[in-house]
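# Summary of structural features
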Amino acid sequence: MKMLTGKQLQRLEKKKKKMAALLEITKLNDKDREAKALKQIETQINMLNQNDNDSMSGIISNRKRPCDEPLNTTSPEIIKQEQESPEKSVETEGVSSKKPRLSGEEYERLKEELKERRQRLKAIPRICLKKIGEDAALNMDENDNDNGRIPLFLSDIQHLLLYSLIGNRSPYLPNRWCKVDKYNKLSHTVLIIVEGVSLDHYLAHENSFPLITTHLKHKLELVTPAAHGGSIVEEIVAVPLTGEHNHKLIHEFGSLETAMKSRGDLVRLLKTVFPMLPQVNYNAREQSEDDISQLPESDKFSRTKLLLSPHQLLDEQYPVPLQGKLANDTYRGYVQTKDVYVQATSKSPMFGIDCEMCKTIEGMSELTRISVVDEKLNVVYNTLVKPENEITDYLTRFSGITKKMMDGVTTTLTDVQQALKLLLPPDAILVGQSLNFDLHALKMMHPYIIDTGVIFNISGIRYRKSKLQTLAREFLGLRIQEGSHGHDSIEDAAASMKLAQLKLANSIVFGDAVLHCQHQIGEMLFAEHQTEQSRNFDSKIQTKTNIRKYGTCLFNHVAKDKKTTAIIGSDEVISEYSRYLKSPELSVTNDNDFDKNDQIRMVETEGNKSAINRAAEIVMQHALTLCHVKIKEEQLTEERRGKIFDKVDKWVNKIYQRSALHGLVCVIFGGHSKASSGVCFLNVKEGVVPLSA
């Protein structure tokens, strides 16, 4: 066995110290980001190897000398090398020049621990935004253009909460806007609702929320119900029934109304982002939608079932009355078709509409013609419109507009907007092909839309729309838009109206390959449970498509998975949540009496601070912890806002610090009456899986 020199022993000892230091660094990094920690470990190992290679450089250079040539240890090169790096000394003759390698049980154990650590890092839960989620994300870089930001709905956040708690057993998944990796590794879910603080507040006082923005990397704009008198509690707690759940309840109770009275856990849902008058005759409206005898003679089901949902309005890029940056930049100058609306019913009038546009000197398309027809295909409004800017391309082959036609036209966009506001009733349903383009040209917003490009689908792929020309030919036997003189807006508006009427005269799956396939699957699943009467095609469709009329309670879903929930807030907050906890299947107990056999823990506090403190104390005891605080408008004066927001930031941080590692933490700024946009901050609480002791 060859002997090692003192220098080699010194280097070996240093290597051991480096490996020990590496172990300590790895343990300390358990609180850092997992990806960053892993990268740091690999960097340390590479540096160690590089140092080893460097230590041999002097030896390697001297191997080039003849074996019988004596080593000059006093040469300037050797002296300089030793001064710069003492450990890089040269070996003496007769001693092995090979680099000593680390070995032993301690080194092997460290290697095994690092290997196990890499495997465990792969199982850490993460949230990744999809395109829709990225479109809603707040980008605080002033150099970036976020004018096109499209907010999420509170129901999107609800779907994430459900998925984090019960996984694939959830009736709705958050796949529309995000992806959750390793959801089953999420330890807890924490939801903090701060009502009264809006997106505008956050954007104006971002520096007041350093802890929130540090811990919760995903910042998303939300449409909140505060501006239109809705309830943030209902939007989070009430889970709309799925088609399958509807079928089961109808089969068991005979109707959803009976099921609601019998079960006690169903709630009526009414969601909208447009200003609505109170429903004075709500029960009558419900009856008119459900009772087929109350439908217009030509309809087989309620036309309200063809309306685009708020989700679809945003997904299809329809203008909606949002406030904040999106409204100020994208929808500046837009007006609503009515100042106030009433809820649409199965008897609400339909109006077919089509617009034609020409390209102007601004490089954009502007309105040059609009046509509106009623249900009898009578033309109730038709006019040419003078654009605000000079026309550079009449697009005649598409629009049918010529220079000669526009000579002498004085009607402006403002004139058209005023005419439509007078013409349309407050529950009017607009019908057309891809009406989002028409409404943008009109710079108008409307809540009730039937888009023939959505309700008819012959491709079997939901996002692939067929042209109006194709739909008219296939379903109506009409040949439109084939002339060389361009489109006729009256003809197109009438074709859209005929398509909607054709669908209403048949069934909701008529002309829709996607729904038809789903319907066939539903028939097979429920055939053995249906009576002969319920097999009637139209009545089955009536119940299947009535998805958003009733909902169940989010806490019921959590309890069925044998998990507990804590709800913390003032007496006003607790009273609001109690409305959704009437199911006899739920075991609801107050804070002091709660034990492991109960499902819902109701913690009533005297104020916001007490709610935060209590939530921090019990956050580790429940699968879902929901803390709801309210900031009153009078508290948010210009002089006090800074202090209030600093306090909110510390509140969130306190609960975050007490929450579980790898738990989902979600904070919602619920907005206020003067702003329809709120903010959602969320992330999985980060930390590296520690090495074994």
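Along each chain, numbering runs from 1 in the same order as the chain's sequence is written. Given that the model is predicted, a residue must reach a pLDDT of at least 70 before its local features are reported, and side-chain atom pairs must reach 80 or more before they are shown or counted; all residues, however, enter totals for whole chains, interfaces and linings. Where side-chain values are given, they derive from all heavy atoms of the structure, hydrogens and water being excluded.

### As for the packing of helix α21 (residues 468-476) against helix α22 (residues 489-504)
Angles here are taken between N-to-C directions and fall from 0 to 180 degrees, while the axes themselves are lines fitted to C-alpha atoms, restricted in helices to the stretch in contact. Secondary structure is summarised from DSSP: a helix means a run of H or I of at least four residues, a strand means a run of E of at least two, and numbering begins at the N terminus for each. α22 packs onto α21 with a crossing angle of 50° between their chain directions and a minimal axis gap of 10 Å. The orientation of α21 relative to α22 falls into the category oblique. Once α21 is placed against α22, the crossing between them reads as left-handed. Contacts between α21 and α22 pair L468, L471, F475 and L476 from the former with D492, A495, S496, K498, L499 and L502 from the latter. Each residue gets one of three labels, nonpolar for Ala, Val, Leu, Ile, Met, Phe, Trp, Tyr, Cys and Pro, charged for Asp, Glu, Lys and Arg, and polar for the others, Gly among them. The residue inventory of the contact of α21 with α22, partitioned by class, reads seven nonpolar, one polar and two charged. Angles below 35 degrees are treated as roughly parallel, those above 145 as roughly antiparallel, those between 65 and 115 as roughly perpendicular, and all remaining angles as oblique. By definition, any crossing whose near helix is turned counterclockwise from its far helix by less than a right angle is left-handed, and any crossing with a clockwise turn is right-handed. The criterion used for residue contact is that any of the two residues' heavy atoms lie within 4.5 Å.

### Some remarks on the pairing of strand β13 (residues 429-432)
Here's how the labels work: a residue is buried when its accessible area is under 20% of the maximum for its type, exposed when over 50%, partly exposed in between, all with a 1.4 Å probe on protein chains only. Of the two faces of β13, the one lined by I429 and V431 and the one lined by L430 and G432 are each fully buried. Here three bridges tie strand β9 (residues 350-360) to β13, and the two strands are oriented parallel to one another. Across the sheet, M350 pairs through a bridge with I429, a residue of β13. Note that β13 and strand β15 (residues 449-451) share three bridges and pair parallel. Among the inter-strand pairings, V431 is bridged to a residue of β15, identified as I450. When DSSP finds two or more bridges between two strands, those strands count as paired.

### Here's the deal with the sheet that holds strand β17 (residues 565-570)
Ordered by their spatial adjacency, nine strands build an open sheet running β2-β5-β22-β21-β4-β20-β17-β19-β18, and the pairing between neighbours is mixed. The open sheet is flanked by β2 (152-153) and β18 (588-590), the only strands paired with a single partner. Sheet topology places strand β5 (residues 218-223) next to strand β22 (residues 677-684); six bridges connect them, and they run antiparallel. Across the sheet, V223 pairs through a bridge with S677, a residue of β22. The strands touched by helix α26 (residues 571-578) within the sheet are β4 (189-195), β17, β19 (600-605) and β20 (624-630), with β17 carrying the most contacts at an inclination of about 135°.

### Side note on the pattern of salt bridges
Whenever a carboxyl oxygen of Asp or Glu lies within 4 Å of a side-chain nitrogen of Lys or Arg, that contact is scored as a salt bridge. For the coordinates displayed, the defined rule picks out 17 salt bridges. Between K630 and E572 there is a salt bridge whose closest N-O contact spans 3.0 Å. In this pair, K630 is assigned in strand β20 and E572 in helix α26, connecting sequence segments 58 residues apart. Across the pair K630 and E576 runs a salt bridge whose closest N-O atoms are separated by 3.8 Å. Here K630, found in strand β20, pairs with E576, found in helix α26; they are 54 residues apart in sequence, far enough to count as distant. With a relative accessible area of 19%, E576 lands in the buried category. Three or more residues joined by partner-sharing salt bridges are found here, namely D591, R601, R614 and E617.

### A few points about the nonpolar core
Definition of nonpolar core: a set of buried residues of the types Ala, Val, Leu, Ile, Met, Phe, Trp, Tyr and Cys, connected through side-chain atoms within 4.5 Å. Of all hydrophobic cores here, the largest spans 56 residues; its most connected members are I370, V416, L420, L430, L442, I449 and I450. The leading source of residues in this core is α22, at six residues. Setting aside residues no more than four positions away along its own chain, L420 makes contact with I370, V372, Y381, L442 and M444. Judged by nonpolar contacts, the second largest core, of 51 residues, contains L191, L554, L586 and I668.

### Here we look at α22
The terminal C-alpha atoms of α22, which comprises 16 residues, lie 23 Å apart, in line with the 22 Å expected from a rise of 1.5 Å per residue. Of all the residues in α22, the buried ones are S489, D492, A493, A494, A495, S496, M497, L499, A500, K503 and L504. In the analysis that follows, any N or O atom pair within 3.5 Å is treated as a polar contact, provided that within protein one partner can donate a hydrogen and the other can accept it, and provided that, for residues neighboring in sequence, both atoms belong to side chains. Measuring from the side-chain oxygen of the N-cap residue of α22 to the backbone nitrogen of I490 gives 3.0 Å; that N-cap residue is D488. Every helix has an expected span of 1.5 Å times one less than the residues it contains.

### Focus: a positive patch on the surface
Where like charges cluster on the molecular surface, the positive patch consists of K609, R640, K643, K647, K654 and R658. Top element by residues in the positive patch is helix α28 (residues 641-658). It accounts for four residues. Structurally, the position occupied by R658 is in helix α28. Residues enter patches when they are more than 30% accessible in relative terms and free of salt bridges; like-charged ones are connected within 9 Å and nonpolar ones (Val, Leu, Ile, Met, Phe, Trp, Tyr) within 5 Å. Computed by Shrake-Rupley with a 1.4 Å probe, the accessible areas treat only the displayed protein chains as cover when residues are assessed. For the purpose of counting charges, residues Lys and Arg are taken to be positive, whereas Asp and Glu are taken to be negative. His and the chain ends are not included. The atoms used to mark charge sites are NZ of Lys, CZ of Arg, CG of Asp and CD of Glu.

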